[in-house]
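Topology and contacts: notes
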Amino acid sequence: GSTIGVLGGGQLGRMLAMAAAQLGYRVTGYAPPGDNVMADVCHDFFEKGWGDKVALAAFASKCDVVTWEFENVPLSAVEMIPPHMLAPHPRALGIAQDRLKEKRFVEELGGRPAPYASVGSDQEFAAAVERIGAPGILKTARDGYDGKGQWRVASVRDADSVRFPGNACVYEGFVTFEAEFSVILVRSHDGEVLFWDSSENVHEDGMLATSTLPASETIAAQVDAARGIARKVAEALQYVGVLTLEFFATKDGPVFNEMAPRVHNSGHWTIEGAATSQFENHIRAVCGLPLGSTETRFAQVEMRNIVGEDALTAHTILAEDGEAHLHLYGKKEARGGRKMGHVTRVSNAAA
Ligand code: ATP
Ligand code: MG
Ligand code: MG
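Since the structure is predicted, the reported quantities are computational estimates derived from the model, not experimental observations.

1. Looking at the overall build of the protein chain
A tally of helices and strands in the protein chain yields eleven helices and 17 strands. Rg of the C-alpha trace for the protein chain: 20 Å, near the compact-globule value of 20 Å for 351 residues, within the 12% margin. If you line up the protein chain on its principal axes, its C-alpha atoms span 60 × 55 × 40 Å. In the protein chain, the proportion of contacts linking residues at least 24 apart, taken out of those at least 6 apart, comes to 61%.

Shown next as C-alpha cells:
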C-alpha cells in the first residue's frame, strides 16, 4: 500500500489520518516534540525538529506523497521534501503564512479585504491607525492562530495602550459584520473543484465556537461571490487538496478575512454532515483519486468546539443525547483555551 506523509501533529492531522486509514493508506507524521495527537493514529511518527534535515529526508523516504495539516510549517523544512511528492504546492504556504502577502494576493484576484496597512515600527503603527482609523486590530503578520497575536484598538486614543510588538504586523480596520462564514473547497489534480456548503461560524474570544447549517440568508446571498474568489485563488495556485477562505458577511457583501491552505475547523461538521468529509476529500485529492460528493446530507447541522477544561466532562453528552457525535482529540493537557474536541449534531427534523 501507499504511505501518506503529513507535516504537523495536531487534531487536523489526526482526522486526516483516520480518513486515510479508512481508504487503506498508511500515514507517517512529522512534527517537533509536543502534544502530537496525530501520532496516536499514525503508522509511524517522527518527533523531530523542523531544522533536522536528516530526519526530514528519512521521513520523505518512507512516503509516496506528502501533505500538511499545519500552515506554519517552515518553508525551509518543506523544501527538504522532493517537490513532486508534495500536495498542495508549497506556494500556497508561502502566501498563507504571511497576512500581508495573503491580503495582497486575494485582493489582486478581486477579493476585498478590510482596509489594512503593513506595520513594521511604532511610527508605522501610529500612521496606520491615523489612516485607517479605529476600531481596528493589530495582528502579527506570521504565526497567529485562534486569535493569538492580535490586539484590538478600540479608539484612536486607545492606540497608545497597544504596543507594537516588534515583529512584522498588519493593522486592519474592524469590520462591522452581520455574520461570518467560510468557503471550503477541494480541487483535484485534474482541476475539478467542489465546494461544501458554507456554515455560519460564530467565534468566541477570537476562536471558532460553533459552525451551523443552514446559514443565515445574509450568508446564503453572499456565498456565490465568495466562492468565485475562492475558486480564483485555487486556480491561481494550481491548488490540489482542501483550501479554506474565511469571510465576513457585511451589508456590502463578502469581506475576505484570511485563508488556510488546509482542512479547517469550520469543516469538521462534514464528517457526519456531508456525503464526503473534508478530510477524506483532501486525502483523495492528494492521492489522485476521484473526489467524493460534498453534498450536505441533513437539513440541520451543528458543530460545537470543546475548549479547555470542558473536555473533562465532555463524555456526559453521550448520556444526554444519543445523537451527539463526540470527537475528542486525546490532548494530554486542557490548559487554557485549547481546542480539545468537538461535538456534531445532525438532524432532519422540521425546523
Ligand atoms: P484562525 O486562524 O484560528 O481562524 P486567527 O488567529 O488567524 O484565527 P483571525 O481569523 O484573523 O484569527 O481572527 C479571529 C476572529 O476575530 C475572526 O474570525 C473574527 O471573529 C475576529 N476578527 C478578526 N479580524 C477582524 C476584523 N478585521 N474585523 C472584525 N472582526 C475580526
Ligand atoms: Mg488564521
Ligand atoms: Mg481565522
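Picking up where we left off.
2. Here we look at the site of ligand 1
Inspection of the region around ligand 1 gives 17 residues, with Gly144, Tyr145, Asp146, Val175 and His203 positioned closest. Mapped onto the shell around ligand 1, the elements with two or more residues apiece are strand S6 (136–140) and strand S14 (253–260). Taken together, the residues of the shell around ligand 1 sort by class into five nonpolar, five polar and seven charged.

3. Digging into the UniProt feature "domain: ATP-grasp" (unreviewed entry) in the protein chain
The positions UniProt marks with the feature "domain: ATP-grasp" (unreviewed entry) are residues 103–287. Secondary structure over residues 103–287 splits into 26% helix and 32% strand, and the C-alpha atoms at its two ends are 30 Å apart.

4. Topic: the sheet that holds strand S2 (residues 26–31)
Across the sheet, four strands lie side by side as S3-S2-S1-S4; this open sheet has parallel pairing. Lying at the two open borders of the sheet, with one neighbouring strand each, are strand S3 (44–47) and strand S4 (65–68). Pairs of neighbouring strands in the sheet enclose a mean axial angle of 20°, with direction left out of account.

5. Remarks on the domain arrangement of the protein chain
Looking at the assigned domains, one finds that the protein chain contains domain 1 (3–86), domain 2 (115–173) and domain 3 (179–347). In this structure, domain 2 and domain 3 have C-alpha centres spaced 28 Å apart.

6. Some remarks on helix H1 (residues 11–22)
Between its terminal C-alpha atoms H1 stretches 17 Å, which fits the 16 Å expected from twelve residues at 1.5 Å a residue. Counting buried positions along H1 gives nine out of twelve residues, so the element sits mostly inside the fold. What H1 keeps buried is the set Gln11, Leu12, Gly13, Arg14, Met15, Leu16, Ala17, Ala19 and Ala20. Buried residues in H1 make contact with strand S1 (3–7), S2, helix H10 (278–286) and strand S17 (339–347). A positive phi of about 90° marks Gly24, the residue just after H1.

7. Observations concerning the packing of H1 against H10
Close contact between H1 and H10 brings their axes to 8 Å; oriented N to C, the two are set at 65°. Between H1 and H10, the angle falls in the class roughly perpendicular. The handedness of the crossing between H1 and H10 is right-handed. Residues Met15, Leu16, Ala19 and Ala20 of H1 touch H10, and the partners they reach there are Phe279, Glu280, His282 and Ile283.

8. What about the sheet that holds S6?
A sheet is described by the order of its strands in space; here four strands give the open sequence S5-S8-S6-S7, paired in antiparallel fashion. Either end of the sheet is taken by a strand with one partner, and the two such strands are strand S5 (116–119) and strand S7 (150–153). Neighbouring strand axes in the sheet, compared pairwise and without regard to direction, differ in orientation by 20° on average. Two elements, S6 and strand S8 (residues 169–173), share five bridges in a ladder whose sense is antiparallel. Bridge pairing links Lys139 to Val170 in S8.

9. Thoughts on the environment of Gly228
Within the element layout of this structure, Gly228 appears in helix H8 (residues 223–236). Residue Gly228 is classed as partly exposed on the basis of its C-beta count, with 15 C-beta atoms lying within 10 Å. Placed 45 residues apart in sequence, Gly228 and Val183 show a C-alpha to C-alpha distance of 9.8 Å.

10. Things to note about unusual backbone geometry
For the bond from Ala134 to Pro135, the omega torsion is 0°, close enough to zero to count as cis. Mapped onto the elements, Pro135 comes out in the loop between helix H6 (122–132) and S6. With an omega of 0°, the peptide bond running from Leu213 to Pro214 counts as cis. Positionally, Pro214 belongs in the loop between strand S12 (207–213) and helix H7 (217–220). Positive phi is not limited to glycine here, since Asp143 has a value of about 70°. Tracing the sequence through the fold places Asp143 in the loop between S6 and S7. The phi dihedral of Asp205 falls on the positive side, at around 55°, and the residue is not glycine. Inspection of the secondary structure puts Asp205 in the loop between strand S11 (200–204) and S12.

Thresholds applied
- Residues numbered from 1 in each chain as written.
- Chains lettered and ligands numbered in written order.
- Predicted model: local features only at pLDDT ≥ 70, side-chain atom pairs only at ≥ 80, totals over all residues.
- Helix = DSSP H or I, 4+ residues; strand = E, 2+ residues; numbered from the N terminus.
- Rg over C-alpha atoms; globule rule 2.2 N^0.38 Å.
- Contact = placed C-beta atoms within 7 Å.
- Near = placed C-beta within 6 Å.
- Nonpolar A, V, L, I, M, F, W, Y, C, P; charged D, E, K, R; others polar.
- UniProt positions renumbered as here; feature names shortened; annotations may be inferred.
- Pairing = 2+ DSSP bridges.
- Axes fitted to C-alpha atoms, helices over the stretch in contact; angles between N-to-C directions.
- Domains from an automatic or database assignment.
- Expected span 1.5 Å × (residues − 1).
- Buried ≥ 20, exposed ≤ 12 C-beta atoms within 10 Å, placed from the backbone.
- Parallel < 35°, antiparallel > 145°, perpendicular 65-115°, else oblique.
- Left-handed = near helix turned anticlockwise from the far one by under 90°.

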